[in-house]
Amino acid sequence: MPSTRPAGPPRRSLPHPGQLRRERRALLRVREERLRDLGGLMLEMFRRDQFRQDLLVERCDELIALDARLQELDTLLAAAVSVRRAAPPARCACGAPLVWGSHFCANCGRPVAATPPVVGCARCGSALSADAKFCAVCGKEVVPERQSEDAASEPPDGFLDALPASAPERWER
């Protein structure tokens, strides 16, 4: 039985940031050299009054390709650095490190405001943050309990409008 793989090219890991920086520096040197050559070429064409537009366009295309590769390297470098950078550890106001998922500081007992409370999905029972709108496992919409309780106690829209005008007077007595 053949294995099912997603369509498209296989995913590759990001190169090391040092390798990307070296390639970027080398490309910047080549770009600078090509810019100087283009300026010198333009000056010589002006001096001799012989312009070759095809040669100028070819050199400009090379420079644009170098600029595109530099932009790609900048994007890759930003991604590689952000992946390798560890997030700073969370700390309580008292200075104690906070363990991920904890609701209270182990040192002073203060509630941790950064982590929302966890609730269970009504359909599948998987853990969800209380501010989630949908379950990540089964996709069921999460309805906050307070809203559902309030909705159950309130009459539906238009219910009071359908009552005769004298009805509220009878209830007020």
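Residues numbered from 1 in each chain as written. Predicted model: local features only at pLDDT ≥ 70, side-chain atom pairs only at ≥ 80, totals over all residues. Heavy atoms only, no water.

## Re the overall build of the protein
As a reminder, the rule being used: Think of it this way: any DSSP run of H or I at least four residues long counts as a helix, any run of E at least two long counts as a strand, and we number them from the N terminus. Whether two residues are in contact is decided by their heavy atoms: any pair within 4.5 Å suffices. Here the accessible surface of atoms and residues is derived via Shrake-Rupley with a 1.4 Å probe, and residues count as covered only by protein chains that are part of the display.
When its secondary structure is counted, the protein shows five helices and two strands. Written out in order from the N terminus, the α and β elements of the protein read α-α-β-β-α-α-α. A sequence separation of at least 24 residues applies to 31% of the contacts in the protein between residues at least 6 apart. About 14,500 Å² of surface is accessible on the protein, with carbon and sulfur atoms providing 55% of the total.

## Brief notes about unusual backbone geometry
Backbone geometry at Asp49 places phi at a positive 60 degrees, although glycine is not the residue there. Tracing the backbone shows Asp49 in the loop between helix 1 (17–48) and helix 2 (53–84).

## Comments concerning a nonpolar patch on the surface
Convention followed: Patches here are clusters of residues that have more than 30% relative accessible area and form no salt bridge, with a 9 Å joining cutoff for like charges and a 5 Å cutoff for nonpolar side chains (Val, Leu, Ile, Met, Phe, Trp, Tyr). By salt bridge we mean one thing: a side-chain nitrogen of Lys or Arg within 4 Å of a carboxyl oxygen of Asp or Glu. Think of it in three bands: with a 1.4 Å probe and only protein chains considered, a residue is buried below 20% of the maximum accessible area for its type, exposed above 50%, and partly exposed in between.
Together, Met42, Phe46 and Phe51 make up an exposed nonpolar region whose accessible area comes to about 330 Å². Examined against the element boundaries, Phe46 turns out to sit in helix 1. On the accessibility criterion, Phe46 (60% relative accessible area) is exposed.

## Here we look at the nonpolar core
Here is the rule: Residues enter a nonpolar core if they are buried and are Ala, Val, Leu, Ile, Met, Phe, Trp, Tyr or Cys, with the set joined through side-chain atoms within 4.5 Å.
Leu20, Leu27, Leu66, Leu70, Leu73, Leu77 and Ala80 together form the largest nonpolar core, which totals seven residues. Those elements giving two or more residues to this core turn out to be helix 1 and helix 2. Among the elements that line this core, the one with the most residues is helix 2, at five residues. For Leu77, the residues in contact, after removing those within four places along its chain, are Pro17, Leu20 and Arg21. The next biggest cluster of nonpolar side chains, apart from the first, holds six residues, and it includes Leu41, Met45, Leu55 and Leu63.

## Thoughts on helix 1
Applied cut-off: A helix is expected to reach a length of 1.5 Å times the quantity of its residues less one.
For helix 1, with 32 residues, the first-to-last C-alpha span of 46 Å sits near the 46 Å given by 1.5 Å per residue. By the burial criterion, the buried members of helix 1 are Pro17, Gly18, Leu20, Leu27, Leu38, Leu41 and Met45.

## Quick notes on the pattern of salt bridges
Inspection of every chain in the model, using the stated rule, returns nine salt bridges. The residue Arg36 makes a salt bridge to Glu32 at a minimum N-O spacing of 3.9 Å. On the criterion of helical spacing, the pair formed by Arg36 and Glu32 is a turn pair, its members being four residues apart in helix 1. For Glu32, a relative accessible area of 36% puts it in the partly exposed group. Two residues, Arg52 and Asp54, come together in a salt bridge whose shortest N-O distance is 3.3 Å. The network of salt bridges with common partners includes Glu23, Arg69 and Glu72.

## Focus: the state of the cysteines
Test applied: Here, a disulfide means two cysteine sulfur atoms that sit within 2.5 Å of each other.
Under the counting rule described, the total for this entry stands at zero disulfides. No disulfide involves Cys105; its nearest neighbouring cysteine sulfur is the one of Cys108, lying 3.7 Å away. Given a relative accessible area of 5%, Cys105 falls into the buried group.

## Some points on the confidence of the model for the protein
For the record, the criterion: Values of pLDDT, ranging from 0 to 100, describe the predictor's confidence in every residue of the model.
Across the protein, pLDDT averages 76, with 68% of residues at or above 70. Confidence, read as mean pLDDT per element, is least for helix 3 (residues 145–153) in the protein (49) and greatest for helix 1 (93). Scored below 50 in pLDDT, residues 147–152 makes one contact in the model with residues more than four places away or belonging to other chains.

## Details of a positive patch on the surface
To keep things clear, this is the line we draw: In this charge count, Lys and Arg are treated as positive and Asp and Glu as negative; neither His nor the chain ends contribute. To locate a charge, take NZ of a lysine, CZ of an arginine, CG of an aspartate or CD of a glutamate.
There is a patch of like positive charges on the surface, built from Arg21, Arg22, Arg25 and Arg29. Relative to the elements of secondary structure, Arg22 occurs in helix 1. For Arg22, a relative accessible area of 51% translates into the label exposed.

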